[in-house]
Protein chains: 4
Amino acid sequence: PGVVALSDHEARARTGLDPNTWAYLDSVAGDGLTRRANRAGWNALQLWPRVLAPLAGLSTEVTLAGSRLAHPLLVAPLAHQRLLHGDGEVASAIAASAQQAGFVLSTLSNVPLETVAAAVRNDQDRGPLWFQLYLQADRARSLDLIRRAEAAGYEALVLTVDAPVNGVRDAERRAGFRLPSGVVAANLASTAAGDGTLAGLLARAPTWADVEWVAAQTRLPLWIKGVLHPADARRAQALGVAGLVVSNHGGRTLDGTPATAQALPQIAKATGGTLPLIVDGGIRRGTDVLKALALGASAVLIGRPVGWGLASAGALGVSHVLRVLRDELEAAMALSGVTSLRDMPDDLLDPNALARQTACE
Amino acid sequence: PGVVALSDHEARARTGLDPNTWAYLDSVAGDGLTRRANRAGWNALQLWPRVLAPLAGLSTEVTLAGSRLAHPLLVAPLAHQRLLHGDGEVASAIAASAQQAGFVLSTLSNVPLETVAAAVRNDQDRGPLWFQLYLQADRARSLDLIRRAEAAGYEALVLTVDAPVNGVRDAERRAGFRLPSGVVAANLASTAAGDGTLAGLLARAPTWADVEWVAAQTRLPLWIKGVLHPADARRAQALGVAGLVVSNHGGRTLDGTPATAQALPQIAKATGGTLPLIVDGGIRRGTDVLKALALGASAVLIGRPVGWGLASAGALGVSHVLRVLRDELEAAMALSGVTSLRDMPDDLLDPNALARQTACE
Amino acid sequence: PGVVALSDHEARARTGLDPNTWAYLDSVAGDGLTRRANRAGWNALQLWPRVLAPLAGLSTEVTLAGSRLAHPLLVAPLAHQRLLHGDGEVASAIAASAQQAGFVLSTLSNVPLETVAAAVRNDQDRGPLWFQLYLQADRARSLDLIRRAEAAGYEALVLTVDAPVNGVRDAERRAGFRLPSGVVAANLASTAAGDGTLAGLLARAPTWADVEWVAAQTRLPLWIKGVLHPADARRAQALGVAGLVVSNHGGRTLDGTPATAQALPQIAKATGGTLPLIVDGGIRRGTDVLKALALGASAVLIGRPVGWGLASAGALGVSHVLRVLRDELEAAMALSGVTSLRDMPDDLLDPNALARQTACE
Amino acid sequence: PGVVALSDHEARARTGLDPNTWAYLDSVAGDGLTRRANRAGWNALQLWPRVLAPLAGLSTEVTLAGSRLAHPLLVAPLAHQRLLHGDGEVASAIAASAQQAGFVLSTLSNVPLETVAAAVRNDQDRGPLWFQLYLQADRARSLDLIRRAEAAGYEALVLTVDAPVNGVRDAERRAGFRLPSGVVAANLASTAAGDGTLAGLLARAPTWADVEWVAAQTRLPLWIKGVLHPADARRAQALGVAGLVVSNHGGRTLDGTPATAQALPQIAKATGGTLPLIVDGGIRRGTDVLKALALGASAVLIGRPVGWGLASAGALGVSHVLRVLRDELEAAMALSGVTSLRDMPDDLLDPNALARQTACE
Ligand SMILES: Cc1cc2nc3c(=O)[nH]c(=O)nc-3n(C[C@H](O)[C@H](O)[C@H](O)COP(=O)(O)O)c2cc1C
Ligand SMILES: Cc1cc2nc3c(=O)[nH]c(=O)nc-3n(C[C@H](O)[C@H](O)[C@H](O)COP(=O)(O)O)c2cc1C
Ligand SMILES: Cc1cc2nc3c(=O)[nH]c(=O)nc-3n(C[C@H](O)[C@H](O)[C@H](O)COP(=O)(O)O)c2cc1C
Ligand SMILES: Cc1cc2nc3c(=O)[nH]c(=O)nc-3n(C[C@H](O)[C@H](O)[C@H](O)COP(=O)(O)O)c2cc1C
């Protein structure tokens, strides 16, 4: 009782988790400019609703890279979910499946990728099951992860490219955050670290050549996560990737980037509307989802709110978070006069909205 | 003593009502973006006053769809007024009449529409008496309401079209708000509910065809309440409605819409200045009323402040709220050099005000 | 000790005065939008300083309507100064004179205009001594005031035109503010009230015809105080007034007007730079004075801060307020590379400053 | 432990210093508009990062007026550092040297310039060692300082021109700030004061002629510190200065200037990209440094944060402050896809960023 919105799960997580773990979940880079910009970006977009349209048959279905989804919500890859709940990634995967949401498992999961996949792979009606890839210190290790993901049944790879080094995460560092014993990166051999110096990290930061290499190793669709610059979007498109996740990592890597609500329409324009786009960062309401789709995304990732739900009530909490968002999306559609997300009206957002937002926030 | 502005009634209502009822009266959808935008919209418009004009004979009279009104204030339809005061809608109707304000009774009144009408119908000098219509689960029930409203003496129908489903009203849901026993929708048969599922609601959401149907059933003037998009305004105009209420339901349905102060001038432009327009949402000062009229409205609805006055002091409270607004309007006119609301100067608001507001809020 | 800025006098006045008197001094109309806009207006203007200019001989002198002033500061007309200090208007007039500042006595002074004039008329080096005129219920009474002001040695008349009726001053009304016995409008016969109804006030509100009438009665220069609209400025100019005070009465009459920093340059443009302009409203720092002059004013009026100083320490307090402002003005000039206020550089404010401010505040 | 960002040193300094000394270190002119604008200016600039670029060999090296620097950080001239720590300027100079940062000694140092230079002059790998010059009451004294600086091994002169008179520093004046006995301007003869009146200060305020005179006295490169107006930048360039420090003195002199992030690109444009530019004011994060370089600066000065570090932990504190900034800069570069500061991409900041910022802050 009393838990009706995502922010209620946030409040429960904030009080329920020990401060160090909360610092990890909540953390931002620098002064949090990007996180604030993400929220402000969605809020600045105004919905101009249509009334009196027939609403019967309203549906949240979308088509994502050729597949039908019950709705456009996917769980974002979040490392170390056993910090938040003993069941870790299994709980969130099951919840996603129960809500027909997509699920993207992080390379840095605390439960082996095979275990997570086994828990949901055969569910009827589940959404997409994808694996998020962090390139490893050497290609053999990366290839091993790819092969395991393929074997376990993951249906796409999501290569995260916006975190070659750690962001400046003061709160975590002030809290002296470290993984407690027993919480491990279960997909990685404990000897896997590689050269941990900055020079080492920089030397093996992913490059466009790595994207081509990964694409050549697998027949899974390859998504690139962490693109903001239209020029990078065009380059990825030229390489033939399956799609892009327009993301600033929720403000946890580089602080001071544009909001994803600002970058998304510019990328949609740069890629001509043919490349599938997913967006994340600060999506907290069904109206945000509707706005994201109006700007050209086919789906959205939900990050911290999934962590809140997991910390708040395990699989049930995640399930509730996704259900609330979907219900809110349906309400937003009905109140905007939108019956299909596949066929968004082009005047739902003020045509000048983007210009305005860009000009004056 | 000490009660001089609408905000004083708000403070009294907030402390006087039990938290659940306050949550109902005060409630907004989502994060309250639209409610804030409504206030910010009026505040952003700047009055450029003229001095030294002869002020004798200054009058707040307006012409609304052909009728003379002592001033441009109407009480908005507010459901369930017995939650706020035992006398419910009778109190607010009497207060409106005493202040020569218009009164719009909600379909969801707690006092039968006949009782309310009987209480004021024969008052000298009262303002318009209108009935707000929510379409019912079947046309027979809707027609029954229309016929009863006609018979009771209501002078226009106001069809509300911006609430086909409930808004996401967290505060109310957190408070677990429910109507207490004894407070009922007095105009509706208790069996009237119909299919309460989302699909049910969507299936019977009002459509343009319903507007035509209602218009064909009655000779009462038909207003549409809840229009923001200029394209919808044009369509309603083409159907021959009596006028529009430019409204976002005070931010209680879809969150994230434009402020009504933004939508109003766009609708005025789209409809060419010939369709009567009323506006509501966040009007709290006489200067707001003056600005609304400068943007093209013929009159305004007052929502929550009427609820505050009713909770604060029954009919006397509502009466005071309306009186304060009218006095403030007169002062604003005198201080702006405006002597007639029928003939607003076109440079009272900076000609660039709207552009500016749209560009930069 | 510790009193170094105008805000220190404000703090002293706030704690030293009884709440009712503070409510009077501090009062604003409506929600205080105009008062805030006044401050924001000055703050939004950016000074682009020049360095390495020779500064020897820097002088704050200005020419106001042909007369040389030691600096551009004048005390604004403030009614009822005995509320703030027992010496009332005599204290502030003496302080102004000691600081070579101009002084404008309100019609509503608590000390007879003759007494105030006698206290300072013969001071060497004092600034201008002007009388602010509120038109009275009949012309005979107004003419009497004019004749008395002439006889007492006032050097100009300032006709205030932006207060035909009272502003909506909630704080004062909540506090139930009334003049205490013994504090009276010393220039007016106690029987002078006239028809106090709104209709009465409106009927005798000053008009352009009254301006012509006043101008014809006296050889004193006639200023109009309270103009914001460029069209009114042009009309006043056509009537041959001595100058204008661009003012919104410090936000005490109509709420929601433009800031004076917005109106001033538009009026300067409309009147072609030949009509002397004074500005007031929210001037609290020497940099504000410099900005006002850069926008086209020849001098500024200081309102509430004079009241703060008077309440804080009588004549000494007012004197200190004026001294601080003048010192700050000198520092601002030196740090901006401006040596003469008579010859302001035209690129001290960004040429685009006004456009910007207008576009986006 | 727990000290990970510059703001942690700020908090330590605020609590560790006595209030008077804190008032000195923290002080701003007027209402602090310029200080806030400085921070807002950097924050408003958005980084549009590039991904998947090869990052190996990333380097923070820059070329400043022909010399190679390990990174673009220099310690700003800060008067009276023994107020902050007993070791005073020696501590900060040693810390700068240890971190390969440049160091600019203030004329008003509490340690003789020879002592400071001797402490670091022979360090391998140290950054530039410069002397900041305030012109003295007569040229003989100024020349004496110049000769001593040359003899001691300073490698450039930085003539500060934005402080001909003191700023309006209320907090310091309220605190009654005075130098404690034993803390002296060690480079100046105690009899050096000269005419301390405003007229005296103005008469000897530095002029363009003085710039030429200084340039003629020395073969050291001459920088001008405190330029904001593009016209002044052009004039300095015409005189052949070594470079400019675009600065508003951290908001301690004239309040209400543009942010340095606003002035910098205008000066870069006015001087055609050939004159070396340094910028300071509100730089608190590695991302700020990256933005400054993207706008055309070759290096940055760090002011108050060095004072925080010094007060917080002496040389170690300053060293940590510089180290943190450099580490953050490296992270910002890696996360933006920038490998060399000498060759900044021209689309790292949105091309329209400046226009936007100027238009809408
Ligand atoms: C605790 C946490 C862990 C994360 N771990 C990963 C990760 O392992 N891989 C990845 O690509 N993104 C990771 N992210 C980023 C998310 O996938 C996503 O981009 C971001 O959270 C979206 O923003 P939001 O949190 O505002 O919804 C993480 C985010 C959080 C909050
Ligand atoms: C408590 C409450 C109940 C309402 N009930 C109705 C209703 O039954 N029908 C309707 O058309 N609008 C209803 N509204 C919306 C109002 O008619 C009006 O559009 C809105 O309150 C105007 O905004 P304001 O409250 O800011 O003045 C209701 C509003 C409130 C606050
Ligand atoms: C307490 C008080 C009394 C005032 N009385 C008068 C008055 O009698 N006549 C008048 O023309 N203006 C009057 N004003 C307005 C001032 O002359 C002036 O326009 C205004 O105070 C300027 O704004 P500021 O207070 O922000 O400096 C009064 C203002 C205050 C604060
Ligand atoms: C305590 C203090 C003392 C300063 N003393 C001097 C000085 O003696 N000479 C000078 O040119 N600038 C001086 N400055 C200004 C700095 O060199 C620099 O321009 C400014 O601090 C940069 O802004 P920041 O503090 O926001 O980094 C001083 C600044 C501070 C905070």
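Residues numbered from 1 in each chain as written. Chains lettered and ligands numbered in written order. Predicted model: local features only at pLDDT ≥ 70, side-chain atom pairs only at ≥ 80, totals over all residues. Heavy atoms only, no water.

## Some thoughts on the overall build of chain A
Right, so step 1: When helices and strands are tallied, chain A shows 14 helices and 10 strands.
Right, so step 2: Taking 2.2 N^0.38 as the reference for a compact globule, 361 residues should give roughly 21 Å; the C-alpha atoms of chain A span a radius of gyration of 19 Å, in line with that estimate.
Right, so step 3: By the burial criterion, 63% of the 361 residues in chain A qualify as buried.
Right, so step 4: Here the analysis covers contacts within chain A between residues at least 6 apart in sequence; of these, 77% occur between residues at least 24 apart.
Right, so step 5: Roughly 12,400 Å² of accessible area belongs to chain A as shown, and the carbon and sulfur atoms make up 51% of that amount. (Helix = DSSP H or I, 4+ residues; strand = E, 2+ residues; numbered from the N terminus. Rg over C-alpha atoms; globule rule 2.2 N^0.38 Å. Buried < 20%, exposed > 50% of the residue type's maximum accessible area, 1.4 Å probe, protein only. Contact = heavy atoms within 4.5 Å. Areas by Shrake-Rupley, 256 points an atom, 1.4 Å probe, with all protein chains shown as cover.)

## So, the relation of the copies chain B and chain A
Right, so step 1: Relative to chain A, chain B is turned by 90° and slid 0.0 Å along the rotation axis, the superposed coordinates differing by an RMSD of 0.0 Å. Viewed as a symmetry operation, the transformation between the two copies matches a four-fold axis.
Right, so step 2: Interface overlap between copies is the fraction of interface residues in one copy that are interface residues in the other; for chain B against chain A it is only 2%, indicating separate surfaces. (Least-squares fit on C-alpha atoms with pLDDT ≥ 70 in both.)

## Considerations on the relation of the copies chain C and chain D
Right, so step 1: Once chain C is rotated about the relating axis by 90° and shifted along it by 0.1 Å, it coincides with chain D to within an RMSD of 0.0 Å.
Right, so step 2: Of the residues that chain C buries at the interface, just 3% are likewise interface residues in chain D, meaning the two copies contact each other through different surfaces.

## A closer look at the pairing of strand 4 (residues 102–105) of chain B
All names here are of chain B.
Right, so step 1: Side chains Gly-102 and Val-104 project from strand 4 onto one buried face, and the interleaved Phe-103 and Leu-105 project onto a second face that is buried too.
Right, so step 2: Relative to strand 4, strand 3 (residues 73–75) is paired through 2 bridges, and the arrangement is parallel. Along strand 4, the bridge assignment pairs Val-75 with Phe-103.
Right, so step 3: Each parallel crossover has a hand, and the one from strand 3 via helix 4 (residues 88–98) to strand 4 is right-handed.
Right, so step 4: Two strands pair when backbone bridges link them, and strand 4 and strand 5 (residues 129–133) are joined in this way by 3 bridges, in the parallel orientation. If you follow Val-104 over to strand 5, its bridge partner there is Trp-130. (Pairing = 2+ DSSP bridges. Right-handed = clockwise from strand over helix to strand, strands pointing away.)

## Concerning the packing of aromatic side chains
Right, so step 1: Across all of its chains, the model carries 12 aromatic pairs over all chains by this definition.
Right, so step 2: The lysine or arginine in question, Arg-252 of chain C, covers the ring of Tyr-24 of chain C, its NZ or CZ lying 5.5 Å from the ring centre. (Phe/Tyr/Trp six-rings, centres within 6.5 Å; stacked < 30°, edge-to-face > 60°. Lys NZ or Arg CZ within 6 Å of the ring centre and 35° of its normal.)

## Some points on the sheet that holds strand 4 (residues 102–105) of chain D
Residues and elements named next belong to chain D.
Right, so step 1: Taken together, the 8 strands give a closed barrel; going around it, the order is 3-4-5-6-7-8-9-10, and neighbouring strands pair in parallel fashion. Across the sheet, the mean angle separating the axes of adjacent strands is 30° when strand polarity is ignored.
Right, so step 2: Bridging between strand 9 (residues 277–279) and strand 10 (residues 299–302) involves 2 bridges; their strand directions are parallel. Residue pairing for strand 10: Ile-278 is matched across the bridge by Ala-299.
Right, so step 3: Across the sheet, helix 12 (residues 286–294) is in contact with strand 3 (73–75), strand 9 and strand 10; its angle to strand 10 comes to roughly 140°. (Axes fitted to C-alpha atoms, helices over the stretch in contact; angles between N-to-C directions.)

## A look at the packing of helix 3 (residues 33–44) of chain A against helix 12 (residues 286–294) of chain A
For any two helices packed against each other, the geometry is given by the interaxial angle and the distance between the axes.
All names here are of chain A.
Right, so step 1: The N-to-C vectors of helix 3 and helix 12 enclose an angle of 80°; their axes lie 9 Å apart at closest approach. The angle between the axes of helix 3 and helix 12 places the two elements in the roughly perpendicular class. Residues Arg-39, Trp-42 and Asn-43 of helix 3 pack against Asp-288, Lys-291 and Ala-292 of helix 12.
Right, so step 2: By residue class, the composition of the contact of helix 3 with helix 12 is 2 nonpolar, 1 polar and 3 charged. (Parallel < 35°, antiparallel > 145°, perpendicular 65-115°, else oblique. Nonpolar A, V, L, I, M, F, W, Y, C, P; charged D, E, K, R; others polar.)

## Some points on the interface of chain C and chain D
Right, so step 1: Listed per partner, the contact involves 32 residues of chain C and 43 residues of chain D.
Right, so step 2: With both sides pooled, the region where chain C packs onto chain D buries about 3,000 Å², and carbon together with sulfur makes up 63% of that total.
Right, so step 3: Notably, a salt bridge pairs Arg-285 of chain C with Asp-31 of chain D, separated by 2.9 Å at the nearest N-O pair.
Right, so step 4: The element best represented in the side of chain C that touches chain D is helix 13 (residues 304–336) of chain C, accounting for 7 residues.
Right, so step 5: Broken down by class, the residue content of the side of chain C that touches chain D amounts to 18 nonpolar, 6 polar and 8 charged. (Buried area = accessible area lost by both parts, 1.4 Å probe. Salt bridge = Lys/Arg side-chain N within 4 Å of Asp/Glu carboxyl O.)

## Examining the confidence of the model for chain A
All names here are of chain A.
Right, so step 1: Residues with a pLDDT of 70 or more make up 96% of chain A, whose mean pLDDT is 94.
Right, so step 2: A low-confidence stretch, residues 354–361 (pLDDT under 50), is modelled with 23 contacts involving residues beyond four sequence positions or located in other chains.
Right, so step 3: Overall fold confidence (pTM) sits at 0.97, and the ipTM for the predicted complex is 0.96. (pLDDT = per-residue confidence, 0-100.)

## Points about the site of ligand 3
Residues and elements named next belong to chain C.
Right, so step 1: Close to ligand 3 lie 21 residues, the nearest being Ser-106, Thr-160, Asp-280, Gly-282 and Arg-284.
Right, so step 2: Interatomic distance of 3.3 Å between a side-chain N/O atom of Gln-132 and a nitrogen atom of ligand 3.
Right, so step 3: Alone, ligand 3 offers 600 Å² of accessible surface; in the complex the protein occludes 98% of this.
Right, so step 4: Residue composition of the shell around ligand 3, grouped by class: 7 nonpolar, 9 polar and 5 charged. (Near = heavy atom within 4 Å. Polar contact = N/O pair within 3.5 Å; in protein donor to acceptor, adjacent residues only side chain to side chain.)

## Thoughts on the environment of Ala-175 of chain C
Residue and element names in this part refer to chain C.
Right, so step 1: Structurally, the position occupied by Ala-175 is in the loop between helix 7 (170–174) and helix 8 (198–203).
Right, so step 2: Taking the C-alpha atoms as reference points, Ala-175 and Tyr-24, separated by 151 residues in sequence, lie 8.9 Å from one another.
Right, so step 3: Sequence-distant contacts of Ala-175, that is, excluding residues within four places in its chain, are made with Asn-20 and Ala-23.

## Here's the deal with the interface of chain B and chain A
Right, so step 1: Contacts between the two partners involve 43 residues from chain B and, on the opposite side, 32 residues from chain A.
Right, so step 2: Looking at the side of chain B facing chain A, the largest losses of area belong to Arg-174, His-229 and Leu-254 of chain B, adding up to 20% of the total buried there.
Right, so step 3: Put simply, chain B and chain A have 5 salt bridges between them.
Right, so step 4: Arg-50 of chain A is the partner of Asp-232 of chain B in a salt bridge, and the nearest nitrogen-oxygen pair spans 2.9 Å.
Right, so step 5: Counting the contacts that link chain B with chain A gives 10 residue pairs in polar contact (both at pLDDT 80 or more).
Right, so step 6: Sorting the residues of the side of chain B that touches chain A by element identifies helix 7 (170–174), helix 8 (198–203), helix 9 (208–217), strand 7 (222–227), helix 10 (230–239), helix 11 (260–270) and helix 14 (353–360) of chain B as the ones contributing at least two each.
Right, so step 7: Residue classes in the side of chain B that touches chain A are distributed as 23 nonpolar, 12 polar and 8 charged.

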